[in-house]
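What follows is each chain in one-letter form.
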Amino acid sequence: MLIRNVVVYDGRGGAPLYDAAVSIDGERIAWVGPLSDLPAEVAADPSVVDAEGRALLPGLINTHVHLSFDGRPDPTSYAANSEAQETLIVVSSALRSLAGGVTTVRDCGARTSAVIALADAVDNGLVAGPRVVASGSFITMTGGHGNWAGVEADGAEAVRAAVRGQAKRGARSIKLIATGGVLTPGTEPGGASYTEEELAAGVAEADRLGIPVAAHAIGTEGIKNALRAGVGSIEHGSYLDDEACELMRARNVSHAPTLSAYHTLVAGGSQDGVAPSIIRKAVGAAQSNTESFRRSVAAGVNVVCGTDAGTPQNPHGGVGLEIRLMVEGGVPISTAVKFATLNSARCLGLADQIGSIEPGKIADLILVDPNFARDPVLLDFPWYVMRDGRSMLNDLPLSDAAKEMSVAK
Ligand SMILES: [Zn+2]
């Protein structure tokens, strides 16, 4: 298949390539370049899409979602859901993500095994969703953040056992809770929860099993505990200092600033039924969270896109808001696209397969309105979505030939 007449943002952060073409062979990208350089054998491809100047991007990657959460104001109420109810929410959230141009998600914590089952169902072609990297359930200390949807474990040995438990369920990522959280009553986001020793035990066990670890870490002490313990990514990282940034850069640790999660809570306030304590904590950390984003960008950290979708008033779908907030935080649009594609692929250990438009990479591609560069929220409404070289969504106007065919019918 040949997509011609596109503006290519290839995910590597450089200037866009205008008047370009991209050819796909099976599940992989075969050729990328200016239309004027199109080799005759590529141009001869009988399956051609004229993109009419739309922008072509790598499929977007959301490294921090909760597919089993549906944005309701009171997250502690998920405990009352049956597994069947949770499964239906998970499938609905996945479909919304895909329709928003997101072709890969990492789920950062669910109560049941529904997300793990979905990851397999997508791989097997049973559900046409985004590729899913599932973390199983949060691993947290007794009474710690996320205990309403997680596994409580105290002490190094228990944390080790909890990691094994999530691996046994089929988790491909582990989520450890290093600080309190905005959503959990009785915990403060700035305060550390697990000790460095407990975190290190969890990371060592996950390493042994070949599974990367993401740490929920908002306050500085918990962030540094997690970094010294050797985690692969810092989720939120709202109170980063220079030492933390330097540790992250030196150890190739990714930072998901989850700007959308704070933005929606601060903008919405408690009028939507969100508990005043949640709003108080979000307002308290939001400003520092944005400053931490700027700090890690300046330090050269691998900053990634993670929206925390599913948290109160933060719906599943595209990542246009996160990219808009990154641009408002001071990065150029093509850099923000890189954060949401190649950097995010690196965070998930998938950069050799996805995250950029280059020959040999898997064909995860989206066609969007080229004005997204001025209004990133347009990314949430792709015209076309391809995952693994397969068309997953097609809202392109019918070509003249297709129109004739439909009339002939
Ligand atoms: Zn989260």
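Residues numbered from 1 in each chain as written. Predicted model: local features only at pLDDT ≥ 70, side-chain atom pairs only at ≥ 80, totals over all residues. Heavy atoms only, no water.

- As recorded in an unreviewed UniProt entry, the chain goes by the name Amidohydrolase family protein, listed as coming from Georgenia yuyongxinii.

1. Some details on the side chain of Ser93
Consideration 1: Summarising the element assignment, Ser93 is placed in helix H2 (residues 83–99).
Consideration 2: Here Ser93 falls in the buried class, since its relative accessible area comes to 3%.
Consideration 3: From its side chain, Ser93 meets the backbone oxygen of Leu67 in a polar contact 2.8 Å long.
Consideration 4: For Ser93, the residues in contact, after removing those within four places along its chain, are Leu67, Phe69 and His316. (Helix = DSSP H or I, 4+ residues; strand = E, 2+ residues; numbered from the N terminus. Buried < 20%, exposed > 50% of the residue type's maximum accessible area, 1.4 Å probe, protein only. Polar contact = N/O pair within 3.5 Å; in protein donor to acceptor, adjacent residues only side chain to side chain. Contact = heavy atoms within 4.5 Å.)

2. Digging into the nonpolar core
Consideration 1: In this structure, Leu57, Leu60, Leu67, Leu118, Ile323, Met326 and Phe372 are the most contacted members of the largest nonpolar core, which totals 45 residues.
Consideration 2: Here this core gets seven residues from one element, more than from any other, and that element is helix H3 (residues 114–123).
Consideration 3: Of the residues that make up this core, three or more belong to each of domain 1 (2–58 + 356–404) and domain 2 (60–347).
Consideration 4: In contact with Phe372, not counting residues within four places along its chain, are Tyr9, Ala55, Leu57, Ile333, Val337, Leu378 and Leu379.
Consideration 5: Counting residues in each nonpolar core, the second largest holds 29 residues, with Ala153, Tyr194, Leu199 and Ala226 among its members. (Core = buried A, V, L, I, M, F, W, Y, C linked by side-chain atoms within 4.5 Å. Domains from an automatic or database assignment.)

3. Looking at the sheet that holds strand E8 (residues 131–134)
Consideration 1: An order of E6-E7-E8 is seen for the three strands of this open sheet, with the pairing classed as parallel. Looking along the sheet, the strands with just one partner apiece sit at the ends: strand E6 (60–65) and E8. When the angles between neighbouring strand axes are averaged without regard to direction, this sheet yields 15°. (Pairing = 2+ DSSP bridges. Axes fitted to C-alpha atoms, helices over the stretch in contact; angles between N-to-C directions.)

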